[in-house]
Amino acid sequence: MPKKADIANHIVTTAVDLAAEKGWRALTLSDVAQAARVPMSALYRHCPTKPELLAGFSRMIDQAVLSEGLPGADESPRDRLFDLLMRRFDVLSGHRAGIKAILRDLRLDPLTTLLQARQLELSMRWTLQSAGISTSGLLGRARVQALCLIYGLVLRAWEQDDSPDLDRTMKALDQRLRQAEQWENTFSRGRGERRAEQPAEEPRAQAGQEPTLH
């Protein structure tokens with residue numbers, strides 16, 4: 001049995017790798033406990049449900065990515081994001097067969113997919129913040145949602161990418177991040193132009209009129 005500090009990671013990686021053999025939908029918690037060689041009580045303490053197994057695996061990937069340190073401050077925000085997300089895909093590649101099996105089954109299980117959305121948002125929020133990109137306010141929320149979408153799209157490319165250096169994944173990620181950068185630059189310019197067009201002082205609302213938000 002692994003050391004206590006490592007048992008949670010051991011359980012979730014065992015579950016993901018075992019999914020390659022049994023499929024995610026058919027996999028049971030007792031299967032995971034048996035393969036991981038831990039008592040059911042330990043499995044319950046760390047991951048009492050199958051969605052918790054997936055969330056725990058995602059957190060383990062987050063920790064692996066962040067443990068390599070932050071990207072260079074001299075890099076552009078897009079390059080820092082590229083670096084962090086490629087680290088993620090590199091770690092995922094160590095469990096490719098299991099992850100592909102899980103993704104196939106999750107596409108037939110929208111409820112579990114929905115439950116994982118919150119964990120994905122958390123992972124992408126940490127990715128943005130680690131790249132030095134703000135996630136505060138409405139714009140920050142939009143960035144998180146956009147990165148979730150980008151990650152999902154590139155994940156499909158990763159599923160089909162069997163090259164040792166993940167060429168197709170890198171190309172897909174670079175293309176999507178460039179598109180997102182262009183979108184944000186366009187949005188920022190448009191917002192700046194609208195502000196410049198506003199008068200220096202807003203007229204006061206006349207008595208009996210409600211102020212409006214523009």
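Above this text you will find the structure in question.
Procedures and definitions
- Residues numbered from 1 in each chain as written.
- Predicted model: local features only at pLDDT ≥ 70, side-chain atom pairs only at ≥ 80, totals over all residues.
- Heavy atoms only, no water.
- Buried < 20%, exposed > 50% of the residue type's maximum accessible area, 1.4 Å probe, protein only.
- Helix = DSSP H or I, 4+ residues; strand = E, 2+ residues; numbered from the N terminus.
- Contact = heavy atoms within 4.5 Å.
- Phe/Tyr/Trp six-rings, centres within 6.5 Å; stacked < 30°, edge-to-face > 60°.
- Lys NZ or Arg CZ within 6 Å of the ring centre and 35° of its normal.
- Patch = residues over 30% accessible without salt bridge, like charges linked within 9 Å, V, L, I, M, F, W, Y side chains within 5 Å.
- Areas by Shrake-Rupley, 256 points an atom, 1.4 Å probe, with all protein chains shown as cover.
- Salt bridge = Lys/Arg side-chain N within 4 Å of Asp/Glu carboxyl O.
- Lys, Arg positive; Asp, Glu negative; His and termini not counted.

Asker: How would you explain helix 2 (residues 29-36) if you had to name every residue and give the values?
Answerer: The complete set of buried residues in helix 2 reads D31, V32, A33 and A36. For helix 2, the secondary structure elements touched by its buried residues are helix 1 (7-22), helix 3 (40-46) and helix 4 (50-66). Trailing helix 2 by a residue or two, R37 shows a phi angle of about 60 degrees, which is positive.

Asker: Describe in detail unusual backbone geometry, supporting the description with residues and values.
Answerer: The phi torsion at R37 lies on the positive side, around 60 degrees, for a residue other than glycine. For R37, the location among the structural elements is in the loop between helix 2 and helix 3. Unusually for a residue other than glycine, L166 sits at a positive phi of about 55 degrees. Position of L166 relative to the elements: it lies in the loop between helix 8 (137-159) and helix 9 (167-197). Judged by its relative accessible area of 3%, L166 falls in the buried class.

Asker: Kindly report on the packing of aromatic side chains, identifying the contributing residues and their values.
Answerer: For the structure shown, the criterion picks out one aromatic pair. Considering the side-chain rings of F89 and Y151, the 5.4 Å spacing of their centres and the 20 degrees angle between planes classify their relative orientation as stacked. Remark: Y151 occurs in helix 8 and F89 occurs in helix 5 (residues 77-92); sequence separation between them is 62 residues. Each member of the pair, F89 as well as Y151, is classed as buried. The ring of W24 has K50 sitting right over it, with the charged end atom 5.0 Å from the ring centre. In this structure, R96 is placed above the aromatic ring of W158, and the distance from its NZ or CZ to the ring centre is 4.4 Å.

Asker: Explain a nonpolar patch on the surface residue by residue, including any values.
Answerer: A contiguous nonpolar surface patch, about 270 Å² in accessible area, is contributed by L66, L122 and W126. Among the secondary structure elements, L122 is positioned in helix 7 (residues 110-130). The exposure class of L122 is partly exposed, given its relative accessible area of 38%.

Asker: Can you lay out the pattern of salt bridges for me, pointing to particular residues and giving the numbers?
Answerer: For the structure on display, the rule yields 10 salt bridges. Across the salt bridge formed by D174 and R78, the nearest N and O atoms sit 3.4 Å from each other. In this pair, D174 sits in helix 9 while R78 sits in helix 5, placing the two residues 96 residues apart along the sequence. Classification of R78 by relative accessible area gives buried; the value is 15%. For E184, the salt bridge is made with R143, and the minimal N-O distance between the two is 2.5 Å. Separated by 41 residues along the polypeptide, E184 in helix 9 and R143 in helix 8 bring together distant segments of the chain. For the pair E184 and R143, one class covers both residues: buried. Here the salt bridges share partners, and the residues they tie into one network are R78, D79, D174, R178 and E181.

Asker: Lay out the side chain of D31 in plain terms, naming residues and giving numbers.
Answerer: Assignment of secondary structure puts D31 in helix 2. Of the side chains with opposite charge, K22 lies nearest to the buried D31, which makes no salt bridge, at 4.2 Å. Once residues within four sequence positions are removed from consideration, D31 is found in contact with L18, K22 and A26.

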